[in-house]
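The primary structure of each chain is shown beneath.
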Amino acid sequence: MTSPLEQKKIRITGPSVVTANRTWDGAVVYRTAQKGWSTELADSAVVSTSDDARALLAEAAADDVGAVGPYIAPVELKDGGKVKPGNLREHIRAKGVTIDLQVPA
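Because the structure is predicted, anything quoted here is derived from the model rather than measured.

Novice: Would you mind going over the sheet that holds strand 3 (residues 37-38) with me for this structure?
Specialist: Read across the open sheet, the five strands follow the order 3-2-1-4-5; overall the sheet is antiparallel. On the outer flanks of this sheet lie strand 3 and strand 5 (83-85), each paired with one strand and no other. As paired elements, strand 2 (residues 28-31) and strand 3 share two bridges and run antiparallel to each other. Paired with arginine 31 across the bridge in strand 3 is tryptophan 37. Those strands touched by helix 1 (residues 50-62) are strand 1 (16-22), strand 2, strand 3 and strand 4 (67-77), and its axis lies near 150° from that of strand 4. Contacts from helix 2 (residues 88-95) reach strand 1, strand 2, strand 4 and strand 5 within the one sheet, and its direction differs from that of strand 4 by about 110°.

Written as structure tokens, this is what we have:
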């Protein structure tokens, strides 16, 4: 499998963000315009061109201390500029695990 950073052509078809997992606890994080990471999708830097997505991804990948496994994910921009996950995978990641992790007594 080719790393997203090694792909010559990154194609996006709408608004997108860069997401990854935080290194110390695995939490889902999003790259911000301030070049940091946030657990809130609303704080993410939203891009709409392949060049901007490639630049944001490269910047995020260079920060391998803060997060690992960055990739470009689609989002939807709702009324008032609210950012929502753009596909089922990102919806699940934004909401957390889909099963009960508690062990029965």
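Novice: Quick question: what am I supposed to make of the environment of alanine 60 here?
Specialist: Positionally, alanine 60 belongs in helix 1. Residue alanine 60 is classed as buried on the basis of its relative accessible area, which comes to 0%. Spatially, the C-alpha atoms of alanine 60 and tyrosine 71 are 8.8 Å apart, while their sequence positions differ by eleven residues. Leave out the neighbours within four places in its chain, and alanine 60 touches Val18, Arg31, Trp37 and Pro70.

What counts and how
- Here, residues in each chain are numbered from 1, in the same order as that chain's written sequence.
- Residues qualify for local features only when their pLDDT is at least 70, as the model is predicted, and side-chain atom pairs are given and counted only at 80 or more; totals for whole chains, interfaces and linings, by contrast, use all residues.
- Each side-chain value is derived from all of the structure's non-hydrogen atoms; neither hydrogens nor water enter the calculation.
- The rule for pairing is simple: two strands pair if DSSP sees at least two bridges between them.
- A run of DSSP states H or I qualifies as a helix once it reaches four residues; a run of E qualifies as a strand once it reaches two. Both are numbered from the N-terminal end.
- By the convention used here, residues are in contact when the closest approach between their heavy atoms is within 4.5 Å.
- In this description, a line fitted to the C-alpha atoms serves as the axis of each element, helices being fitted only across the stretch in contact, and the angle between N-to-C directions of two axes falls anywhere from 0 to 180 degrees.
- The cut-offs for exposure are 20% and 50% of the maximum accessible area for each residue type, with area from a 1.4 Å probe on protein chains only; residues under the lower value are buried, those over the upper are exposed, and the others partly exposed.

Any functional reading would require information that these geometric values do not contain.
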